[in-house]
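# Fold and contact review
Chain by chain, the residues run as shown.
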Amino acid sequence: SIDDSKQWLQMDKIGHFATVSMVSNLNYKAYRWAGYSNKQSTWMGVGLTWGYLATIELMDGFSEQWGFSWYDIAANTLGGALFAAQQLTWEDQRIIVKFSYHPTEYADMRPEVLGSTNTERILKDYNGQTYWLSVNPQSFSANRKLFPGWLNLAFGYSGDGMLGGSSNVGEDFDYSDIPRSRQFFFSPDIDFTRIKTKSKF
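Residues numbered from 1 in each chain as written. Predicted model: local features only at pLDDT ≥ 70, side-chain atom pairs only at ≥ 80, totals over all residues. Heavy atoms only, no water.

Here the focus is the environment of T89. Mapped onto the elements of the fold, T89 is located in helix α3 (residues 70-90). Exposure remark for T89: the relative accessible area of 58% places this residue in the exposed category. In terms of polar contacts, T89 uses its side chain to reach the backbone carbonyl oxygen of A85, at 2.6 Å. (Helix = DSSP H or I, 4+ residues; strand = E, 2+ residues; numbered from the N terminus. Buried < 20%, exposed > 50% of the residue type's maximum accessible area, 1.4 Å probe, protein only. Polar contact = N/O pair within 3.5 Å; in protein donor to acceptor, adjacent residues only side chain to side chain.)

Before going further, it helps to spend a moment on the packing of helix α1 (residues 11-33) against helix α2 (residues 38-61). Packed helices, taken two at a time, are described by their axes: the angle between them and the distance between them. One way to put it is that α1 packs onto α2 with a least axis distance of 8 Å and a crossing angle of 135 degrees. Considered as vectors, α1 and α2 are oriented oblique to each other. The hand of the α1/α2 crossing is right-handed. In this structure, α1 uses H16, T19, V20, V23, S24, N27, Y28, Y31 and R32 to contact α2, whose residues at the interface are N38, S41, T42, M44, G45, V46, L48, T49, L53 and E57. (Axes fitted to C-alpha atoms, helices over the stretch in contact; angles between N-to-C directions. Parallel < 35°, antiparallel > 145°, perpendicular 65-115°, else oblique. Left-handed = near helix turned anticlockwise from the far one by under 90°. Contact = heavy atoms within 4.5 Å.)

Strand order in the open sheet formed by four strands is β1-β2-β3-β4, and the pairing between neighbours is antiparallel. Unpaired on one side and paired on the other, β1 (95-101) and β4 (181-190) mark the two borders of the sheet. On average, each strand axis in the sheet is tilted by 25 degrees relative to the strand beside it, whichever way the strands run. With five bridges connecting them, strand β2 (residues 129-135) and strand β3 (residues 151-160) associate as antiparallel partners. Along β3, the bridge assignment pairs S134 with A154. (Pairing = 2+ DSSP bridges.)

One pair of aromatic rings is described through two measures. These are the centre distance and the angle between the planes. A full pass over the atoms with the stated rule returns ten aromatic pairs. Summarising the aromatic geometry, the rings of W90 and F140 are spaced 5.5 Å apart at their centres and angled 85 degrees between planes, so their arrangement reads as edge-to-face. Here the residue W90 occupies a position in helix α3, and F140 occupies one in helix α7 (residues 137-140), the gap between them amounting to 50 residues. A residue is classified by how much of its surface remains accessible, and W90, at 33% relative accessible area, is partly exposed. Since its relative accessible area comes to 43%, F140 is described here as partly exposed. On the basis of an interplanar angle of 45 degrees and a centroid distance of 5.1 Å, the ring pair of F155 and F186 is categorised as tilted. Highlighted residues: F155 in strand β3 and F186 in strand β4, separated in sequence by 31 residues. (Phe/Tyr/Trp six-rings, centres within 6.5 Å; stacked < 30°, edge-to-face > 60°.)

Next up, the structure:
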């Protein structure tokens, strides 16, 4: 077991949280398409997603490079709980987890850690990742005319200047001149699933 709770300004943990929430939603929709009820689809969707990632975590526990992390398990559980609580309470996702990415110059400085290809960097370069909680105000408003149904308000979190997990200094690198910082965002957003249209696209 390892304590990786302070690494990458917790971006890795938020990534676990977001992944379980988003993939649970996909699995839920697959079970609903197959004819299962909302409750059955919710528990099977979350259970399948959580179980899959827990299996990966167990395999990490046998790896010298990674190690088992209870913090990853906790983040996975919270992500599944966010999805399940909304689906079982409202049969609706009023708070959606979203992900965005932009390329950064840091990946070129440590490609072996932050990725050497564009695909790798989307997954490994935490500096370019932003995770969002996108909230639908109309769903929580007593007066549904106050907000259009498609309008969301998004709260984002990201980190910047991270060249190593815990610090920017290691055995084979020294980027102590680059400050590590947390970033918080607020933005209007669109929930495309709430735009009424006859188009299947």
